[in-house]
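Single-letter residue listing:
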Amino acid sequence: MSATATHHKESVRVDYLNVAHSIKSWLVTEDHKRIGILYLVTISLMFLVGGIFALLIRLELVTPAGDLVMSDTYNKMFTMHGVIMIFFFLIPSIPAVLGNFCLPLMIGARDVAFPRLNLASWYIFTLGALFGVASLVMGGVDTGWTFYTPYSSSFSHTPVIMAVTGAFIAGFGSIFTGLNFIVTIHKMRAPGLTWFRLPLFVWGHYATSLIMILGTPVVAITLLLVAVERGLRIGIFDPALGGDPVLFQHLFWFYSHPAVYIMILPGMGVVSELIATFSRKRIFGYEFVAFSSLAIAILSFVVWGHHMFVSGQSMYLSMVFSVLTTLVAIPSAVKIFNWAVTMHKGHVKLDSPMLYALAFMGLFTIGGLTGLFLSAMAVDIHLHDTYFVVAHFHYVMVGGAIVAFLGGLHYWWPKMTGRMYPEPWAKLSALVIFIGFNLTFFPQFILGYLGMPRRYHTYPDEWQVLNVLSSAGATILAAGFTLVAVYLIWSLKNGAKAPANPWDATGLEWQTPSPPPPTNFTHRPVVTEEAYNYPIVLAKNGEGEHQEEEKRTHEHA
């Protein structure tokens, strides 16, 4: 019996999950894969809290009269929903979870460049999240997630400093992660992995890291100034103290518009991986898609003024921002068109990750096109601060970033856990989320066009039908998210064991076992092929078989 047990112990393959089991081994780990899992647990808890507030908001808006909560409580609900979802879920979601786990694997590295700094980034982010939760326990903040001054700096009687401190601290986690990724991509690529052999997921994270490093310090300093003015009564933004409230908007949006692309660029990288894998084709116009990520990152820093068309800024300055905002649509459109062409005549497999990729393409396109409406000054004056803006933002953030995150999570789940999830349930959840999302937010475009302002908990009776539809959709959307959580957790114990490469994909991360060993690779890989080097797929109409047969005959002759 002892010999059998010894033989069994030796036959168990050591991977990053079973190399050590103690809680301490997880809390002091320097393994990028474990740190990605730690981030996944943390942001999932934040998503749960933020999602509860979202459901409470929609429950309040079922009826025209504010009969569920008082207006002050409603202000706190939508503020805490925004603060938690943006600062503590959306911004770290794909980079901190999927980026941390996959990026070193995808470039053939043993780990990130600075493993200890990587662990520190998780602790810093978690500390910031705890400050955010503490502000919630202390009664919640009522300023809106944008913390507009002078209300946030001088007049609000809620724990603004606590929430601002949480966002300030979490920002350093983003800076550390971005720094780590840039150095890792530059210095730790496998032999033969040139810049134009990199997966587009890596290009997306490289562009995102540039925004993290250049933009996050600006919002960190801005939020620090809010706390200084609030605590020490030094006039910075409050006109009564000699400050300028519009200055806050310039500083805040200089970061917060690029922050939209911190959330969406990694999602675009995920979708590029999914489209290539499940179309069995190299991404059409690979170089254009790669450079479009950098173009988005650069242009995102010069369009912040479109948030301020009604703030009193110069009309001529607004015209410049309007034109620049329109230009941002071009590199985004490049990605959408190239993904569509990639699927053309490809051997498309509609597995659940691909369903999320298709959903991303449709929903993000709607979000992007409605952004063009808001970039036009005349239209924006009518739509500013209405539910049209809420719908547009959520089509980009939920329909884009969260849907891409779910697609990537399903795609790399077998690699992360060594287990497969039930595919029929995954396809059902993708369908439920798609239907629930559109039912939630599409009516809000109409409400905004009709003039319903956001952040109000009462409204005229004639808007009730659309609000009821939106609230019903939110219930369906919540059911879809819950279903995902249930079957993924179930799969951890009961799912079938995952092969090393369940999707027959080409990336380096699929050339190591599932789950990977602690060192990622037994031997350092050498790259000799371009990215997404899939074999020629036979066309379904028989023409491809004929051409392939002719090619083989010619080669034989």
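To start, this report covers the structure provided alongside it.

So, the environment of Ile-86
Okay, so step 1: Along the chain, Ile-86 falls in helix α4 (residues 71-106).
Okay, so step 2: Leaving out residues up to four positions away in the same chain, Ile-86 has contacts with Ile-91, Pro-92, Trp-145, Met-263 and Phe-393.

Some remarks on the packing of helix α7 (residues 160-187) against helix α8 (residues 200-232)
Okay, so step 1: At a closest axis distance of 8 Å, the pairing of α7 and α8 adopts a crossing angle of 155°. It follows from the interaxial angle that α7 and α8 lie roughly antiparallel. With respect to the hand of their crossing, α7 and α8 are arranged in left-handed fashion.
Okay, so step 2: Classifying every residue of the contact of α7 with α8 by side-chain character gives 20 nonpolar, eight polar and one charged.

With respect to the pattern of salt bridges
Okay, so step 1: Evaluation of the coordinates by the stated rule reveals five salt bridges.
Okay, so step 2: Arg-116 is paired through a salt bridge with Glu-30; the nearest N and O atoms lie 3.1 Å apart. On the criterion of sequence distance, the pair formed by Arg-116 in helix α5 (residues 115-137) and Glu-30 in the loop between α2 (23-27) and α3 (32-60) is long-range, its members being 86 residues apart.
Okay, so step 3: Residue Arg-116 is classed as exposed on the basis of its relative accessible area, which comes to 66%.
Okay, so step 4: The partly exposed category is assigned to Glu-30, whose relative accessible area is 35%.

Brief notes about unusual backbone geometry
Generally, phi is negative for residues other than glycine and the peptide bonds are trans, each holding for most cases.
Okay, so step 1: A cis amide bond links Thr-149 to the next residue, Pro-150, at an omega of 5°.
Okay, so step 2: Within the element layout of this structure, Pro-150 appears in the loop between α5 and α6 (151-155).
Okay, so step 3: With an omega dihedral of -10°, the bond running from Ser-514 to Pro-515 counts as a cis peptide bond.
Okay, so step 4: Note on placement: Pro-515 falls in the loop between α16 (464-494) and α17 (543-556).
Okay, so step 5: You will see that Arg-233, though not glycine, has its phi angle at about 60°, which is positive.

Re the packing of aromatic side chains
Okay, so step 1: If you walk through the whole model with that rule in mind, you get 41 aromatic pairs.
Okay, so step 2: Relative to Tyr-206, the ring of Trp-195 lies with its centre 5.4 Å away and its plane at 75°, an arrangement referred to as edge-to-face. Of this pair, Trp-195 sits in the loop between α7 and α8 while Tyr-206 sits in helix α8; the two residues are eleven residues apart in sequence, bridging distant segments of the chain.
Okay, so step 3: Given the relative accessible area of 25%, Trp-195 is considered partly exposed.

Observations concerning the environment of Trp-510
Okay, so step 1: Within the element layout of this structure, Trp-510 appears in the loop between α16 and α17.
Okay, so step 2: Judged by its relative accessible area of 4%, Trp-510 is buried.
Okay, so step 3: With 64 residues separating them along the chain, Trp-510 and Ile-446 place their C-alpha atoms 45 Å apart.
Okay, so step 4: Within the structure, Trp-510 has its side chain in polar contact with the side chain of Tyr-411 (distance 3.3 Å).

Brief notes about α5
Okay, so step 1: Along its 23 residues, α5 runs 33 Å from first to last C-alpha, staying within 8% of the 33 Å computed at 1.5 Å per residue.
Okay, so step 2: Among all positions in α5, only Asn-118, Leu-119, Ser-121, Trp-122, Phe-125, Thr-126, Gly-128, Ala-129, Gly-132 and Ser-135 are buried.
Okay, so step 3: Buried residues along α5 sit against α2, α3, α4 and α7.
Okay, so step 4: Of the residues trailing α5, Gly-139 is marked for its positive phi of about 120°.

Some thoughts on α8
Okay, so step 1: For α8, spanning 33 residues, the distance from its first C-alpha to its last is 47 Å, which sits close to the expected 48 Å at 1.5 Å a residue.
Okay, so step 2: Gly-215 marks where α8 bends most, by close to 35°; the proline Pro-217 follows one to four residues later.
Okay, so step 3: Directly beyond the C-terminal end of α8, a positive phi value near 60° is found at Arg-233.

Reading guide: rules and limits
- Residues numbered from 1 in each chain as written.
- Predicted model: local features only at pLDDT ≥ 70, side-chain atom pairs only at ≥ 80, totals over all residues.
- Heavy atoms only, no water.
- Helix = DSSP H or I, 4+ residues; strand = E, 2+ residues; numbered from the N terminus.
- Contact = heavy atoms within 4.5 Å.
- Axes fitted to C-alpha atoms, helices over the stretch in contact; angles between N-to-C directions.
- Parallel < 35°, antiparallel > 145°, perpendicular 65-115°, else oblique.
- Left-handed = near helix turned anticlockwise from the far one by under 90°.
- Nonpolar A, V, L, I, M, F, W, Y, C, P; charged D, E, K, R; others polar.
- Salt bridge = Lys/Arg side-chain N within 4 Å of Asp/Glu carboxyl O.
- Buried < 20%, exposed > 50% of the residue type's maximum accessible area, 1.4 Å probe, protein only.
- Phe/Tyr/Trp six-rings, centres within 6.5 Å; stacked < 30°, edge-to-face > 60°.
- Polar contact = N/O pair within 3.5 Å; in protein donor to acceptor, adjacent residues only side chain to side chain.
- Expected span 1.5 Å × (residues − 1).
- Bend = angle between axes of the 7 residues up to and from the residue.

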